[in-house]
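Residues per chain, in single letters:
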Amino acid sequence: MIKTENKFGSIILTEEFLANLAGYAATNCFGVVGMAATGPVDKLLSVVRHDRLSRGVRVRGNAECVDIDLHIIVSYGTNITAIVNSIAHKVRYTFEEMCGLKVRDVNTFVDGMKA
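Residues numbered from 1 in each chain as written. Predicted model: local features only at pLDDT ≥ 70, side-chain atom pairs only at ≥ 80, totals over all residues. Heavy atoms only, no water.

1. Some remarks on the overall build of the protein
- Across its full length, the protein carries three helices and six strands.
- Helices (α) and strands (β) of the protein occur, in sequence order from the N terminus, as β-β-α-β-α-β-β-α-β.
- Burial status across the protein gives 39% buried among its 115 residues.
- Within the protein, contacts between residues separated by at least 24 positions form 65% of all contacts whose residues are at least 6 apart in sequence. (Helix = DSSP H or I, 4+ residues; strand = E, 2+ residues; numbered from the N terminus. Buried < 20%, exposed > 50% of the residue type's maximum accessible area, 1.4 Å probe, protein only. Contact = heavy atoms within 4.5 Å.)

So, in structure tokens, the structure goes:
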């Protein structure tokens, strides 16, 4: 949970919201087919909650800056370097515009490929 203060009061951003935001930004990039579950707990939570966006996403940090880990599945035949650069730019822009949070690192792991 990240808490920020402004002149209107305090804002609390939960890990679930931030993970969904990062997953949404990543899956809207060209070449990304979906998010990949990283472990048994992540697989179980995605079945129980029926959310596909936060699967394979880990956001950690504080009100000054955050680090984001993304596990993605890409489309066959696309340039992985271009996809990863696009994801890093889009996620960083989305977090700064919507939440006012600085993103220090966007670590993208390609866990699978679909034809």
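2. Some thoughts on the pattern of salt bridges
- Across all of its chains, the model carries two salt bridges by this definition.
- Put simply, Asp69 and Arg60 hold a salt bridge, and the shortest N to O gap is 2.8 Å.
- Taking the relative accessible area as the measure of exposure, Arg60 reaches 30% and is therefore partly exposed.
- One salt bridge connects Arg104 with Asp67, and the closest N-O pair in it is separated by 2.6 Å. With Arg104 in strand E6 (residues 102–114) and Asp67 in strand E5 (residues 65–75), this residue pair connects regions lying 37 residues apart in the sequence.
- What makes Asp67 buried here is its relative accessible area of 9%. (Salt bridge = Lys/Arg side-chain N within 4 Å of Asp/Glu carboxyl O.)

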